[in-house]
Amino acid sequence: AASRVFAFRDARWAPDPVLEPNVAVRTPQPVPLVIDNGSFQTRAGWASADPAVPSEPLLRFRSLAARSRGARGGAGAETQVGNDLGSPEPLRWLLRSPFDRNVPVQMELQELLFDHVFQRLGVASQGCVDHPIVLTEAVCNPLYSRQMMSELLFECYQVPKVSYGVDSLYSFYHNGRQKWPCSGLVISSGYQCTHILPVLEGRLDAKNCKRINLGGCQAAVYLQRLLQLKYPGHFAAITLSRMEEILHEHSYIAEDYIEELQKWRSPEYYENNMHKMQLPFSNKLLGSTLTSEEKQEKRQQQLRRLQELNARRREEKLQLDQERLDRLLYVQELLEDGQMDQFHKALVELNMDSAEELQSYINKLSLSVEQTKQKILQAEVNVEVDVVDSKPETPDLDTLGSEQSLEDVESINEFEPLFAEEQPEVEKPVAAVQPVFNLAEYHQLFLGTERIRAPEIVFQPSLIGEDQAGIAETMQYVLERYSKEQQAVLVQNVFLTGGNTMYPGLKARVEKELLEMRPFQSSFQVHLAASPVLDAWYGARDWAVEYMAREEGWITRKDYEEKGGEYLKEHCASNVYVPIRLPKQAPRTSEALAPSRALASSTGNPCEQA
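Quick caveat: nothing in here was measured; it's all calculated off a predicted structure.

S.K.: Tell me about the packing of helix H1 (residues 107-120) against helix H2 (residues 143-156), residues and numbers included.
M.R.: It is the contact of H1 with H2, at a shortest axis distance of 11 Å, that shows an interaxial angle of 45 degrees. It follows that H1 is oblique to H2 by the angle criterion. When you trace H1 past H2, the crossing you get is right-handed. Contacts between H1 and H2 involve Met 107, Gln 110, Glu 111 and Phe 114 from the first element and Ser 145, Met 148, Met 149, Leu 152, Leu 153 and Cys 156 from the second. Residue composition of the contact of H1 with H2, by class: seven nonpolar, two polar and one charged.

S.K.: Which residues make up the pairing of strand S11 (residues 161-166), and what values do they have?
M.R.: Along S11, six of the six residues are buried, which leaves the element largely enclosed by surrounding structure. With burial as the criterion, each face of S11 is covered, one bearing Lys 161, Ser 163 and Gly 165 and the other bearing Val 162, Tyr 164 and Val 166. Taken together, the five bridges between strand S10 (residues 133-137) and S11 define a ladder with parallel strand orientation. Counterpart to Glu 137 in the pairing with S11 is Val 166. Traced from S10 through H2 to S11, the parallel crossover comes out right-handed. As judged from the two bridges shared by S11 and strand S20 (residues 555-556), these two strands associate in the antiparallel manner. Within the sheet, the bridge partner assigned to Lys 161 lies in S20 and is Thr 556.

S.K.: Lay out the UniProt feature "coiled-coil region" (unreviewed entry) in the chain with the relevant residues and their values.
M.R.: According to UniProt, the feature "coiled-coil region" (unreviewed entry) maps to residues 292-326 and 355-382 in the numbering used here. The straight-line gap between the two end C-alpha atoms of residues 292-326 is 51 Å; of that span, 100% is helix and 0% is strand.

S.K.: Just give me the short version of the pattern of salt bridges, but keep the residues and values in it.
M.R.: Evaluated as defined, the whole model comprises 20 salt bridges. Among the salt bridges present, the one from Asp 321 reaches Lys 317, with a minimum N-O distance of 3.1 Å. In this pair, Asp 321 and Lys 317 both sit in helix H8 (residues 292-336), four residues apart, roughly one turn of the helix. With a relative accessible area of 34%, Lys 317 lands in the partly exposed category. Note that Arg 541 and Asp 542 form a salt bridge whose closest N and O atoms lie 3.7 Å from each other. When salt bridges that share partners are traced, they join Arg 9, Glu 245 and Glu 249 into one network.

S.K.: Could you give an account of the packing of helix H3 (residues 167-175) against helix H17 (residues 535-546), naming the residues involved and the relevant values?
M.R.: Where H3 contacts H17, the axes come no closer than 7 Å and their chain directions differ by 70 degrees. With respect to their mutual orientation, H3 and H17 come out roughly perpendicular. For the pair formed by H3 and H17, the contact residues are Asp 167, Tyr 170, Ser 171, Tyr 173, His 174 and Asn 175 on the first element and Asp 535, Ala 536, Tyr 538, Gly 539, Ala 540, Asp 542, Trp 543 and Glu 546 on the second. A class-by-class count of the residues in the contact of H3 with H17 yields six nonpolar, four polar and four charged.

Rules behind the numbers
- Residues numbered from 1 in each chain as written.
- Predicted model: local features only at pLDDT ≥ 70, side-chain atom pairs only at ≥ 80, totals over all residues.
- Heavy atoms only, no water.
- Axes fitted to C-alpha atoms, helices over the stretch in contact; angles between N-to-C directions.
- Helix = DSSP H or I, 4+ residues; strand = E, 2+ residues; numbered from the N terminus.
- Parallel < 35°, antiparallel > 145°, perpendicular 65-115°, else oblique.
- Left-handed = near helix turned anticlockwise from the far one by under 90°.
- Contact = heavy atoms within 4.5 Å.
- Nonpolar A, V, L, I, M, F, W, Y, C, P; charged D, E, K, R; others polar.
- Buried < 20%, exposed > 50% of the residue type's maximum accessible area, 1.4 Å probe, protein only.
- Pairing = 2+ DSSP bridges.
- Right-handed = clockwise from strand over helix to strand, strands pointing away.
- UniProt positions renumbered as here; feature names shortened; annotations may be inferred.
- Salt bridge = Lys/Arg side-chain N within 4 Å of Asp/Glu carboxyl O.

Shown next as structure tokens:
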């Protein structure tokens, strides 16, 4: 059982370094910069056939930004992007994303992400970015979003040209380059959405694409809700970051969900497959396990603080009494000097009636001042003795002096609760103060059916109350829109890509669903991307290297100025360009204008015309 206890890593993001400009990315001409602009993570790197240029994405960071309000000392607001955040949980309420679902809509935040990319990659050009940009976008991206993105790139960064493509199609292109152009059915599941994309002869059939508004984000929120209801005592410790860690490392897709739930009803199966997630906790709650020497030292420190407190109180009292005594002596000097008017006025201010009462108060205050001075001297002597002759025995409170006042005893009584647990001189065994339950086990999350319930929502959205079809129903709906011959071609290459397809068992589940919906003895093949997360960037890089010297797929600045920001040049991994068509107004013919002219030219009584 101990081998199935997993601790949360709670890994902190390391800030991205500022890379030195590479000469190979600028000679003989600037090479394209590939940016996979995902709603979960942004990946950026160079596209070049030169071996000196790395073929891996140099930057990988979460597509998040946080702007603090500034410190009280007058420092201005600070903006942090991506890995510079360190950990998202302390700043969860400040985090902002440029995406609505998987479509970028907040261009101010998108500009922050681009600034971070260009700065950390060491783009050396002054006042502009003179590298071509290859950028991923959502399937059937709205024209307004592309228009704003093109305006940002051409107007703000002065890029020479840009190319837009779909991340899942780039991944499909990267994994099928040997037999391109090819046909297939792409199932792409990411952080916010899941898409079913039919590809015929290397081109996307956009009219039959379907989207499911569920992904890894909704699975993490659902898992968080399940565990917070199961463990209300650890409500704050069950964070979204930890839920994402559970999804990435401890969840799987059941080949048959109902049958898998029946297996989990067995106690033996539950014990063998249940994972325990250890939450962080403090050992200080286990009770006092101090040794006698540590207890002795702690008690001496408390007594020393008590002595300092009493000494400070005595000094304050001595100062007040001395000031009052000086005031009374000054009034007595007025009497001795014969200044009777001022003397009687001072007596009235002191609320006294006679010189005898004044003398009585002076005697009492003089005695109090002398006693307080003696106590201060005695306390200093006792502190010196304690420093010179420190004994291992427990110090007695009587060492403060035999002439301790009632005030000292009361001060000690005030601090008595501090010493309640150390009063017994005999050290108790550790077992006597141990709690009756295992504190480590109390801070454990037991993952049973939660391991399969959270990822299951992409197949059964009704689990979280969503009125949508799952992957199997949507896949069948898309296939039925084609002829039998085209269906047979599409199912021969069912391609899974995206970060939300990395669950163990997903490929087997898709094969089972296809087996149920396809005709008897028909064949099909399901393929998983070699790297579901990074293949989109690799495919975009492959396309940029291949089409770098061509005009196909590149939108130049001239195209942007002539045809608008929503313009798109299609290529093998792009969306389909659907231009904006405004309805034309019908021309006003002479026949339509004749009645109005006749009415304008007619004369007579308006009542008769009516």
